[in-house]
Amino acid sequence: MSRVGKLPVVIPDKVKVDIKGQEITLKGAKGELKTVINSNAKISLTDGSVHVEPANDTQMARAMWGTARALINNMVKGVSEGYSIRIEIVGVGFRAAIDKRMLTMSLGFSHDIKYVIPDGIEIKAEKPTLIVISGADKQLVGQVAAELHRLRRVDPYKGKGVLYEGKKIRRKEGKKK
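What comes next concerns the included structure. (Residues numbered from 1 in each chain as written. Predicted model: local features only at pLDDT ≥ 70, side-chain atom pairs only at ≥ 80, totals over all residues. Heavy atoms only, no water.)

This part takes up the pattern of salt bridges. Here the structure, examined in full by the defined rule, presents six salt bridges. Between Asp 57 and Arg 62 there is a salt bridge whose closest N-O contact spans 3.7 Å. Taking the shortest distance from any N to any O, the salt bridge between Glu 122 and Lys 124 comes out at 3.6 Å. (Salt bridge = Lys/Arg side-chain N within 4 Å of Asp/Glu carboxyl O.)

A few words on the sheet that holds strand S6 (residues 49-54). In spatial order, the strands read S1-S6-S5; together these three strands make up an open sheet with antiparallel pairing. The open sheet has two free edges, formed respectively by strand S1 (9-10) and strand S5 (41-46), since each of these has just one partner strand. One ladder, built from six bridges, connects S5 with S6; its direction is antiparallel. Its bridge partner lying in S6, Ala 41 is registered against Pro 54. On top of the sheet, helix H1 (residues 59-80) reaches S1, S5 and S6; it is set at about 165° to S6, its chief contact. (Pairing = 2+ DSSP bridges. Helix = DSSP H or I, 4+ residues; strand = E, 2+ residues; numbered from the N terminus. Contact = heavy atoms within 4.5 Å. Axes fitted to C-alpha atoms, helices over the stretch in contact; angles between N-to-C directions.)

Let us look at helix H2 (residues 138-151). Each turn of an α-helix holds 3.6 residues, which means side chains three or four residues apart point in the same direction. Counted at 1.5 Å a residue, the expected span for H2 with its 14 residues is 20 Å, and the 21 Å between its end C-alpha atoms agrees. Taken together, the buried positions of H2 are Val 141, Val 144, Ala 145, Leu 148 and His 149. Across the axial projection of H2, the buried residues extend over an arc of 135°, all falling on one side. Lining the buried residues of H2 we find strand S7 (83-90), strand S9 (102-106), strand S10 (113-116), strand S11 (121-127), strand S12 (130-135) and strand S13 (161-164). N-cap assignment for H2: the residue whose side-chain oxygen lies 3.3 Å from the backbone N of Gln 139 is Asp 137. (Expected span 1.5 Å × (residues − 1). Buried < 20%, exposed > 50% of the residue type's maximum accessible area, 1.4 Å probe, protein only. Arc of directions from axis to C-beta. Polar contact = N/O pair within 3.5 Å; in protein donor to acceptor, adjacent residues only side chain to side chain.)

The next thing to look at is the packing of aromatic side chains. By the definition in use, this model includes zero aromatic pairs. The residue whose ring lies beneath Arg 152 is Phe 109, and the NZ or CZ to ring-centre distance is 4.8 Å. (Phe/Tyr/Trp six-rings, centres within 6.5 Å; stacked < 30°, edge-to-face > 60°. Lys NZ or Arg CZ within 6 Å of the ring centre and 35° of its normal.)

A word on the nonpolar core. Within soluble globular proteins, side chains that are nonpolar generally end up buried alongside one another. If you look at the biggest cluster of nonpolar residues, it comprises 20 residues, and the most contacted ones within it are Leu 103, Met 105, Ile 123, Ile 131, Ile 133 and Leu 148. Residue assignment for this core shows that the elements contributing at least two residues are S7, S9, S10, S11, S12 and H2. Here this core gets four residues from one element, more than from any other, and that element is H2. With residues up to four places along the chain from it excluded, the contact list for Ile 133 reads Tyr 83, Ser 84, Ile 85, Ile 87, Ile 121, Glu 122, Ile 123, Val 141, Val 144, Ala 145 and Leu 148. Val 9, Ile 11, Ala 68 and Met 75 belong to the second-largest nonpolar core, a separate cluster that totals 18 residues. (Core = buried A, V, L, I, M, F, W, Y, C linked by side-chain atoms within 4.5 Å.)

Our focus in this paragraph is the sheet that holds S10. With antiparallel pairing, the three strands of this open sheet are ordered in space as S8-S9-S10. Edge strands, defined here as strands with exactly one partner in the open sheet, are strand S8 (95-99) and S10. Within the sheet, the average angular offset between the axes of one strand and its neighbour, ignoring direction, is 20°. Relative to S10, S9 runs antiparallel, the two sharing four bridges. Among the inter-strand pairings, Thr 104 is bridged to a residue of S10, identified as Lys 114. Together, S9 and S10 form the strand contacts of H2, whose direction differs from that of S10 by roughly 170°.

Here is the structure:
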């Protein structure tokens, strides 16, 4: 029995839910999200909460039960509160600037890196070395953060690069004479 799947997803007052077969659509203050739930899970709306149940008694249905509930819960939180990830840029001369839907980053290469901001994502540069990525879709926010992190991974010897805020850099000792 899934401990995650058996819990109902409570829907806040300002979020509207529309279920058509296996497709669920949520509308809220931060935007609109739509997804198709696996056919091994049944979803129903009762008393202001979404209930998820396995469609049959197979192992796959039990696995998708908790997964479907977690996806719906992430969508509810996304359209009501939203998600955000903060990224730090560490290094001499490393900086970021935003111009309309384009993020330009100077990361020590011979050229600036230009990144097109996808729809549904908002990026703010609080400082030239601090970027805040926010949006309603948890998966998309994490994907954009991972793509920016991948542009210049943190060097363990100098500690330079793009890293998630609060993440400890595991430093290595340089070679000795």
